[in-house]
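Understanding the architecture of this molecule
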Amino acid sequence: MKIVVCVKRVPDTEARIRIAGDGRSADPAGVKFITNPYDEFAVEAALRLREAAGEGEVVALTVGGPEAAETLRAVLAMGADRAVLLRAEGAPEGNAVAEAIAAELREQSFDVALFGMKAIDDDLQAVGAMVGERLQLPTATSVTEFRVEGSRVTADREVEGGIEVVELQTPCVLTITKGPYEPRYASLKGIMAAKKKPLEEKEAATGEARSRVESLSYPPERQSGRIVGQGPDAVPELVRLLREEAKVI
Amino acid sequence: MPRILAFAEAREGTIRPVAREAVAAARALAAAGDEVEAVVLGGAGVGGEAAGLGSVGASRVHVGESDALKAYSPEAYTTVLAGLVRSGDYRAVVFPGSAMGKDLAPRLAARLGAGYASDCTGLELEGEEVVATRPRYAGKVFARERITGSPAVVTVRGNAFAVEEGSGSAEVVPLDLSLREADFGAIVCEVRSGAAAKLDVAEAPIVVSGGRGLRDPANFKLLEELAEVLGNAAVGASRAVVDAGWRPHSDQVGQTGKTVAPQLYFAIGISGAIQHLAGMRTAKYIVAINKDPDAPIFKVADYGIVGDLFEIVPRLTEEIRRLRSS
Ligand SMILES: Cc1cc2nc3c(=O)[nH]c(=O)nc-3n(C[C@H](O)[C@H](O)[C@H](O)COP(=O)(O)OP(=O)(O)OC[C@H]3O[C@@H](n4cnc5c(N)ncnc54)[C@H](O)[C@@H]3O)c2cc1C
């Protein structure tokens, strides 16, 4: 069983995002970076799949600058076997990232390629599906949980108000959202071992970008609101305001 | 004449309300002289309500009805859509920002070699190109993104484009379907818990969200009752209660949950952590109910009541019920 898991280095969810001097990117100064939380679910799913199979390999893959090696080390520390960093300048857009990942995966044979459902920086929610399309592989997105029996994969997709059960065949592409794959912590032993695991670096074959950010802006500051009152006695006044002032009920 | 195509999502044989939002967004993007069209895919009979999309601004609806399309398959749907888009002068393809839209749209973009932007809250044409406004970092900032080349593929955020009901009826055109077995890679074989029935937090005009202040999963009944009397409301949750297993992840609002933009958002027993705010601060109106007057949620709320939710929520439900019945 060979599993590829794609990960991304993103700003911590606590981080205040400040617009950089160019007006088009987020200023990384003083920001703590983490492994994209959805990707951690994918890593956990990959590790459990390898453990259940009793054999196999988990390969962590990312597209990014040299600093993204840190994210790969973190995934190796969780238990991945080896890692590949596809080096790219700046922050390539989703389409270009998908192209680079697809080009790399074309060179590898694998059973399952896993992604996080979305990256919490650009919020694009597209790279997994785009890779699946480029490789002409069956794909299921927003998967909470999946099962593999031989070459048959059954995946539960999160949809509005319920779950869609999808059937596909390996090799396939899945993007993972929150489900039972609670990510494990890296043990000290894992962290030590990660330092010795292979981490290969090569140039990313990103194609042409098909979109570009022209400007970033902050959403309008919300006016600090008003406390209508204390306790249940304030309810009639709240209802009146919602009806007469906001006109939303 | 340039055309803009809206994906009129159907599930279990019915066109979903988000389809009308996609048409509305396509209309908002259209230049004078552009034609707005829609496409519906599904099993036999799914095109029954297609002509009705004329009332929100579609001049023509392409209908692909086939037993083969009854169950959703991203690959097969992509093949049909790509065939349609290649057959005409389409400037843009607009999808709802639903689970299906976000599954299908990036796949179509990759198939067409087209640029893609998701969850757009604004769309405009600059020259021949589409410029999308969309949230990044769960709405901590907004980006203007230019999609180069044509067509552009986009999904639109729920509630971001107002649907204007008019009159009129669209011309219905059957789609020529030629699908091969190879077009069915992944296929939906079962739908659990009545997926079509429940209103999703990302689509509902009113969201009633609860947090750890609810103390016990059973107490979410209070919020469900409130949502019910409000009508058109969905129940959401903070991550704390999702992590505790009280509510499913699909209800989670925030940076690692859904970004929502309803008309009205209730944060009940929710402190207002930065990751939660990221997901709901673009709601039109925010109401906070919290016993802690210093809770950060009050900094973004338009209206707040300080106090015990167990006393306040039932009273609120009762008050709104009275209002509704008078
Ligand atoms: C990587 C990461 C991602 C995250 N993503 C998200 C996300 O997507 N969404 C999200 O919500 N959070 C997210 N969080 C978690 C976030 O930081 C907070 O922990 C979480 O939002 C807190 O939930 P809460 O407000 O329900 O709970 P608490 O912070 O415990 O707040 C409970 C509130 O209820 C009030 N209360 C208690 N009893 C009553 C009562 N009887 N009546 C009235 N009020 C009462 C309290 O005063 C308090 O303000 C994330 C965190 C991390 C680290």
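On a predicted model such as this, the values are computed, not experimentally measured, just so you know.

Broken down by element type, chain B carries eight helices and 18 strands. Taking 326 residues into account, the globule formula puts the C-alpha radius of gyration at 20 Å, and chain B, at 21 Å, falls close to it. Expressed along its principal axes, the backbone C-alpha trace of chain B runs to roughly 60 × 40 × 40 Å. Each of the 326 residues in chain B was classed as buried or not, and the buried ones make up 62%. Put simply, chain B has 35 plus and 40 minus side-chain charges, and the middle of one group is 5 Å from the middle of the other.

Our focus in this paragraph is the environment of A:Met1. Residues and elements named next belong to chain A. Topologically, methionine 1 is positioned in the segment before strand 1 (2-6). Spatially, the C-alpha atom of methionine 1 lies 63 Å from that of aspartate 233, the residues being 232 residues apart in sequence. For methionine 1, the residues in contact, after removing those within four places along its chain, are Leu49, Ala53, Glu55, Gly56, Glu57, Asp111 and Val148.

On to the pattern of salt bridges. Pairing between side chains of opposite charge can happen when the charged atoms of each approach one another. Counted under the stated rule, the structure contains 55 salt bridges over all chains. In this structure, A:Glu57 engages A:Arg82 in a salt bridge whose closest nitrogen and oxygen atoms are separated by 2.7 Å. A residue pair is termed long-range when its members are at least 10 positions apart, and A:Glu57 in strand 4 (residues 57-64) and A:Arg82 in strand 5 (residues 82-87) qualify at 25 residues. A residue is classified by how much of its surface remains accessible, and A:Glu57, at 24% relative accessible area, is partly exposed. We classify A:Arg82 as buried; its relative accessible area is 19%. Close ionic contact of B:Lys258 with B:Asp200 constitutes a salt bridge, the shortest N to O distance being 3.1 Å. Of the two residues, B:Lys258 is situated in the loop between helix 5 (239-243) and strand 16 (264-268) and B:Asp200 in the loop between strand 13 (187-192) and strand 14 (206-210); the sequence distance between them amounts to 58 residues. As far as burial versus exposure is concerned, B:Lys258 and B:Asp200 are alike and both buried. Salt bridges sharing common partners tie together A:Arg212, A:Glu214, B:Glu124, B:Glu126, B:Glu129, B:Arg144 and B:Arg146.

Before going further, it helps to examine a nonpolar patch on the surface. Residues and elements named next belong to chain A. Residues Leu188, Ile191 and Met192 make up a contiguous nonpolar surface patch of about 300 Å² in total accessible area. As for its placement among the helices and strands, leucine 188 is situated in helix 5 (residues 188-194). Accessibility expressed as a relative area gives 65% for leucine 188, which makes it exposed.

What follows is about the nonpolar core. All names here are of chain A. The biggest cluster of nonpolar side chains holds 94 residues, and the ones touching the most others in it are Leu114, Phe146 and Leu174. With eight residues, helix 1 (residues 37-53) is the single largest residue contributor to this core. Excluding anything up to four places from it in sequence, leucine 174 contacts Val112, Ala113, Leu114, Phe115, Ala140, Val143, Phe146, Val153, Ala155 and Leu168.

Moving on, we get to the packing of aromatic side chains. Residue and element names in this part refer to chain A. Within the structure shown, the criterion is met by five aromatic pairs over all chains. Taking the centre distance of 6.2 Å and the plane angle of 75 degrees together, the rings of tyrosine 38 and phenylalanine 41 count as edge-to-face. In this pair, tyrosine 38 and phenylalanine 41 both sit in helix 1, three residues apart, roughly one turn of the helix. Ring plane angle 50 degrees and centroid distance 5.9 Å describe the contact between phenylalanine 146 and tyrosine 181, whose orientation is recorded as tilted. With phenylalanine 146 in strand 7 (residues 139-149) and tyrosine 181 in the loop between strand 10 (172-176) and helix 5, this pair connects stretches of sequence that are 35 residues apart. Assessed through its relative accessible area of 8%, phenylalanine 146 is described here as buried.

Taken together, 26 residues surround the ligand, and among them B:Ser238, B:Thr256, B:Gln275, B:His276 and B:Asn290 come closest. Residues lining the ligand come from chains A and B. Between an oxygen atom of the ligand and a main-chain N or O atom of B:Arg212, the distance comes to 2.8 Å. For the ligand, whose accessible area on its own is 990 Å², the fraction buried by protein is 80%. Mapped onto the shell around the ligand, the elements with two or more residues apiece are helix 5, helix 6 (274-280) and helix 8 (309-325) of chain B. Considered class by class, the residues forming the shell around the ligand number six nonpolar, 15 polar and five charged.

Here we come to the pairing of strand 1 of chain A. All names here are of chain A. Counted residue by residue, strand 1 has five buried out of five residues, so it is predominantly covered. Here strand 1 shows two buried faces, one formed by Lys2, Val4 and Cys6 and the other by Ile3 and Val5. Two strands pair when backbone bridges link them, and strand 1 and strand 4 are joined in this way by five bridges, in the parallel orientation. Of the residues in strand 4, the one forming a bridge with lysine 2 is glutamate 57. The pairing of strand 1 with strand 6 (residues 112-116) spans three bridges and is parallel. Within strand 6, the position partnered with valine 4 by the bridge is alanine 113.

Here the focus is the interface of chain A and chain B. Many structure descriptions define interface size as the accessible area lost when the parts assemble. Listed by partner, the interface residues are 80 residues for chain A and 94 residues for chain B. Across the chain A to chain B interface the summed buried area is about 7,300 Å²; carbon plus sulfur atoms make up 54%. Contact with chain B buries surface across chain A, with A:Glu133, A:Glu160 and A:Arg222 losing the most and accounting together for 12% of the total. Taken together, the links from chain A to chain B amount to ten salt bridges. One salt bridge in this structure joins A:Lys178 and B:Asp243, with 2.1 Å as the shortest N-O distance. Our enumeration of links across chain A and chain B arrives at 48 residue pairs in polar contact (both at pLDDT 80 or more).

Relative to the helices and strands, B:His249 resides in the loop between helix 5 and strand 16. Overall, the relative accessible area of 10% leaves B:His249 in the buried class. For B:His249, the contacting residues outside a window of four places in its chain are A:Tyr38, A:Glu158, A:Thr177, A:Lys178, B:Val242, B:Thr256 and B:Gly257.

Residues and elements named next belong to chain A. A cis geometry characterises the amide bond from threonine 170 onward to proline 171, with omega recorded as -10 degrees. Position of proline 171 relative to the elements: it lies in the loop between strand 9 (162-169) and strand 10. Phi is positive for lysine 247, which is not a glycine, with a value near 55 degrees. Judged by its relative accessible area of 64%, lysine 247 is exposed.

Reading guide: rules and limits
- Residues numbered from 1 in each chain as written.
- Chains lettered and ligands numbered in written order.
- Predicted model: local features only at pLDDT ≥ 70, side-chain atom pairs only at ≥ 80, totals over all residues.
- Heavy atoms only, no water.
- Helix = DSSP H or I, 4+ residues; strand = E, 2+ residues; numbered from the N terminus.
- Rg over C-alpha atoms; globule rule 2.2 N^0.38 Å.
- Buried < 20%, exposed > 50% of the residue type's maximum accessible area, 1.4 Å probe, protein only.
- Lys, Arg positive; Asp, Glu negative; His and termini not counted.
- Charge placed at Lys NZ, Arg CZ, Asp CG, Glu CD.
- Contact = heavy atoms within 4.5 Å.
- Salt bridge = Lys/Arg side-chain N within 4 Å of Asp/Glu carboxyl O.
- Patch = residues over 30% accessible without salt bridge, like charges linked within 9 Å, V, L, I, M, F, W, Y side chains within 5 Å.
- Areas by Shrake-Rupley, 256 points an atom, 1.4 Å probe, with all protein chains shown as cover.
- Core = buried A, V, L, I, M, F, W, Y, C linked by side-chain atoms within 4.5 Å.
- Phe/Tyr/Trp six-rings, centres within 6.5 Å; stacked < 30°, edge-to-face > 60°.
- Near = heavy atom within 4 Å.
- Polar contact = N/O pair within 3.5 Å; in protein donor to acceptor, adjacent residues only side chain to side chain.
- Nonpolar A, V, L, I, M, F, W, Y, C, P; charged D, E, K, R; others polar.
- Pairing = 2+ DSSP bridges.
- Buried area = accessible area lost by both parts, 1.4 Å probe.

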